[in-house]
Amino acid sequence: RASADLHTFMFFNKKGQQSAEAVVTRIRRSGMQVNVPRYGIEGVVAMPEEDWEVREDEQYIQSKKEAGRIEIFAHIMVSIEADNSDFRNRTHIRFERLIKDAEREKYKEVEESRKQVQKEMFPDLLEREAN
């Protein structure tokens, strides 16, 4: 796990901030657990209490400012970036917006993109598979 986190950090440190579609897999007190298929990563997206009401028992998050509700399996747009402050090499995932059904990425395109990203993110993995 630590090795995958390091490779993920190095990838986004090189690429810079990226936006991608994510799928909500769990609602937590601190925010939501998401899976980002394009990059094959998962993480927690913090949702500030002043803007969002987190209902962990009911598994949804309600916006306090506008009409918006995020439930499990909802598709959202997130921003992913590497953070090297305090020499901790972390990758942050932040909420950008909800995605409408018509905006969802197609599986085939995402899978092709994920395979290309995997080659860039884990070059040593390909060498091991070849041997």
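See the structure shown above.
Values in this document were obtained by computation on a predicted structure and should not be read as measured data.

A closer look at the sheet that holds strand E5 (residues 60-63)
What the three strands build is an open sheet, ordered E4-E5-E6; its pairing is antiparallel. Sheet topology places strand E4 (52-55) and strand E6 (69-71) at the edges, where each strand pairs with a single neighbour. Sheet twist, expressed as the mean angle between neighbouring strand axes with direction ignored, is 15°.

Here's the deal with the sheet that holds strand E2 (residues 31-36)
Whenever strands of a sheet pair, they do so through backbone hydrogen bonds, lying parallel or antiparallel. Strand order in the open sheet formed by five strands is E3-E2-E1-E7-E8, with antiparallel pairing between adjacent strands. Lying at the two open borders of the sheet, with one neighbouring strand each, are strand E3 (41-46) and strand E8 (90-98). For this sheet, the mean inter-axis angle between neighbouring strands, taken without regard to orientation, is 45°. Bridge count between strand E7 (residues 75-83) and E8: eight bridges; the pairing is antiparallel. Across the sheet, the residue bridging to Val78 is Phe95, located in E8. The strands touched by helix H1 (residues 2-15) within the sheet are strand E1 (18-28), E3, E7 and E8, with E7 carrying the most contacts at an inclination of about 90°.

A few points about the side chain of Ser63
As for its placement among the helices and strands, Ser63 is situated in strand E5. With sequence-adjacent residues up to four places away left out, Ser63 is seen in contact with Asp51, Trp52 and Gly68.

Some points on the packing of aromatic side chains
A complete count under the given rule lists four aromatic pairs for this structure. Pairing Phe11 with Phe12 gives two aromatic rings, centres 5.0 Å apart and planes at 85°, and the pair type is edge-to-face. Residue Phe11 shares its accessibility class with Phe12, and that shared class is buried. For the ring pair Phe12 and Tyr39, a centre distance of 5.0 Å and an interplane angle of 75° mean the geometry is edge-to-face. Separated by 27 residues along the polypeptide, Phe12 in helix H1 and Tyr39 in the loop between E2 and E3 bring together distant segments of the chain. In this structure Phe12 comes out as buried when scored by relative accessible area, which is 1%.

Notes on the nonpolar core
In terms of nonpolar packing, the biggest core is built from 23 residues, with Met32, Tyr39, Ile70 and Ile80 touching the most fellow members. At the level of secondary structure, the elements contributing two or more residues to this core comprise H1, E1, E2, E3, E7 and helix H2 (107-121). Ranked by the residues each element gives to this core, the list is headed by E1, at four residues. In this structure, Ile80 is in contact with Phe12, Gly16, Gln17, Gln18, Ala20, Val36, Tyr39, Ile41, Thr91, His92 and Ile93, ignoring residues within four places of it in sequence.

What counts, and where the lines are drawn
- Residues numbered from 1 in each chain as written.
- Predicted model: local features only at pLDDT ≥ 70, side-chain atom pairs only at ≥ 80, totals over all residues.
- Heavy atoms only, no water.
- Pairing = 2+ DSSP bridges.
- Helix = DSSP H or I, 4+ residues; strand = E, 2+ residues; numbered from the N terminus.
- Axes fitted to C-alpha atoms, helices over the stretch in contact; angles between N-to-C directions.
- Contact = heavy atoms within 4.5 Å.
- Phe/Tyr/Trp six-rings, centres within 6.5 Å; stacked < 30°, edge-to-face > 60°.
- Buried < 20%, exposed > 50% of the residue type's maximum accessible area, 1.4 Å probe, protein only.
- Core = buried A, V, L, I, M, F, W, Y, C linked by side-chain atoms within 4.5 Å.

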